[in-house]
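Read off the chains here:
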Amino acid sequence: RSDADDALDPPLGAARAQLHGLYVVAETRDGFVLVDQHAAHERIVYEKLKRQMAERSVPTQILLLPEVIELPSEDADRLVAEAETLARAGLVLEGFGPGAVCVRETPALLGTVDLKRLVTDLADDLAALERTRRVEDHLDKVASSMACHGSIRANRRLRAEEMDALLREMERTPNAGQCNHGRPTFVKLKLKDIERLFGRA
């Protein structure tokens with residue numbers, strides 16, 4: 001058998017194309033797989049971050065210039081009150097006068113992120129969690145929000161090796177079939193189902 005044939009053996013097959021900057025198409029032995037690249041990568045980042053938090057070993061990147069982010073004062077207060085929880089997830093911040101926080105470190109896993117959006121989303125999440133009184137869920141929710149910001153964005157062109165690396169990472173990741181919001185990250189289509197669509201079966 002050729003190497004090209006062997007490439008079809010993994011469960012999610014071999015990457016063949018990217019569509020609309022959103023989806024990866026992979027060929028398998030008996031059909032093909034369509035992957036939502038952002039949703040799949042979000043789940044991968046989330047599971048890694050959860051594992052790092054469980055091991056209390058979230059690598060961080062120290063910002064060369066700490067970033068001051070202005071927010072409504074209640075949001076800033078909420079974030080400062082949860083600073084210890086956020087630090088456990090790799091986001092190190094402190095109060096910076098009324099209505100602002102200063103971010104000093106971010107989880108290394110996220111790479112470069114829009115800190116203003118991340119911090120604003122986390123403030124919204126914490127407000128919702130306060131209303132439901134599910135304090136024990138803070139860390140998972142924090143990790144989920146961070147994973148979303150650290151994931152491959154829509155319309156990012158991926159090279160063939162990046163697409164294949166995403167597929168292999170999905171195969172190693174728990175719960176990789178669903179994103180953090182419960183939606184599927186990929187769909188599989190069998191050749192026989194496609195042939196039926198064309199009236200060949």
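Structure report, in brief.

Quick notes on the rules
Residues numbered from 1 in each chain as written. Predicted model: local features only at pLDDT ≥ 70, side-chain atom pairs only at ≥ 80, totals over all residues. Heavy atoms only, no water. Salt bridge = Lys/Arg side-chain N within 4 Å of Asp/Glu carboxyl O. Helix = DSSP H or I, 4+ residues; strand = E, 2+ residues; numbered from the N terminus. Buried < 20%, exposed > 50% of the residue type's maximum accessible area, 1.4 Å probe, protein only. Axes fitted to C-alpha atoms, helices over the stretch in contact; angles between N-to-C directions. Parallel < 35°, antiparallel > 145°, perpendicular 65-115°, else oblique. Left-handed = near helix turned anticlockwise from the far one by under 90°. Contact = heavy atoms within 4.5 Å. Pairing = 2+ DSSP bridges. Expected span 1.5 Å × (residues − 1). Arc of directions from axis to C-beta. Nonpolar A, V, L, I, M, F, W, Y, C, P; charged D, E, K, R; others polar.

## A short note on the pattern of salt bridges
The final tally for this structure, using the stated rule, is 15 salt bridges. Among the salt bridges present, the one from Arg-78 reaches Asp-75, with a minimum N-O distance of 2.9 Å. Placement of the pair is Arg-78 and Asp-75 together in helix 3 (residues 73-81), with a separation of 3 residues, close to one helical turn. Asp-75 carries the same exposure label as Arg-78, and that label is buried. The shortest N-O distance in the salt bridge between Glu-162 and Arg-156 comes to 2.8 Å. For Arg-156, a relative accessible area of 39% puts it in the partly exposed group. Through salt bridges with shared partners, a single network forms among Arg-156, Arg-159, Glu-161 and Glu-162.

## Focus on the packing of helix 2 (residues 37-54) against helix 7 (residues 160-172)
Taken N-terminus to C-terminus, the directions of helix 2 and helix 7 make an angle of 50°; their axes are 10 Å apart at the nearest point. Viewed along their axes, helix 2 and helix 7 adopt a mutual orientation that is oblique. Note that helix 2 runs across helix 7; the crossing there is left-handed. Where helix 2 approaches helix 7, its residues Gln-37, Ala-40, His-41, Ile-44 and Lys-48 are matched on the opposing element by Leu-166, Glu-169 and Met-170.

## Brief notes about the pairing of strand 6 (residues 100-107)
For strand 6, a buried count of 6 out of 8 residues is recorded, marking the element as mostly surrounded by other parts of the structure. Alignment of strand 4 (residues 60-70) against strand 6, held across 7 bridges, turns out to be antiparallel. Bridge pairing in strand 6 links Gln-61 to Thr-106. Here strand 5 (residues 92-95) folds back onto strand 6, and the loop between the two strands holds 4 residues, one of which, Gly-97, carries a positive phi near 75°.

## Observations regarding helix 7
For helix 7, spanning 13 residues, the distance from its first C-alpha to its last is 19 Å, which sits close to the expected 18 Å at 1.5 Å a residue. Taken together, the buried positions of helix 7 are occupied by Met-163, Leu-166, Leu-167 and Met-170. All buried residues of helix 7 lie within an arc of 95° about the axis, which places them on one face of the element. Taken together, the buried residues of helix 7 touch strand 1 (14-19), strand 2 (23-28), strand 3 (31-36), helix 2 and strand 7 (186-190).

## Thoughts on unusual backbone geometry
Leaving glycine out, the prevailing phi sign among residues is negative, and the prevailing peptide bond configuration is trans. The residue His-20 is not glycine, and still its phi comes out positive at about 55°. Looking at the element boundaries, His-20 is found in the loop between strand 1 and strand 2. For Arg-56, which is not a glycine, the phi torsion comes out positive at approximately 50°. Of note, Arg-56 is situated in the loop between helix 2 and strand 4.

## With respect to the packing of helix 2 against helix 6 (residues 138-149)
For the pair helix 2 and helix 6, the least separation of the axes is 8 Å and the interaxial angle reads 140°. As the angle between them shows, helix 2 and helix 6 are arranged oblique. The handedness of the crossing between helix 2 and helix 6 is right-handed. Residues His-38, Glu-42, Val-45, Tyr-46, Leu-49, Lys-50 and Met-53 of helix 2 lie in contact with helix 6, whose contacting residues are Leu-139, Asp-140, Ala-143, Ser-144, Met-146, Ala-147 and Cys-148. Of the residues contributing to the contact of helix 2 with helix 6, the split by class is 9 nonpolar, 2 polar and 3 charged.

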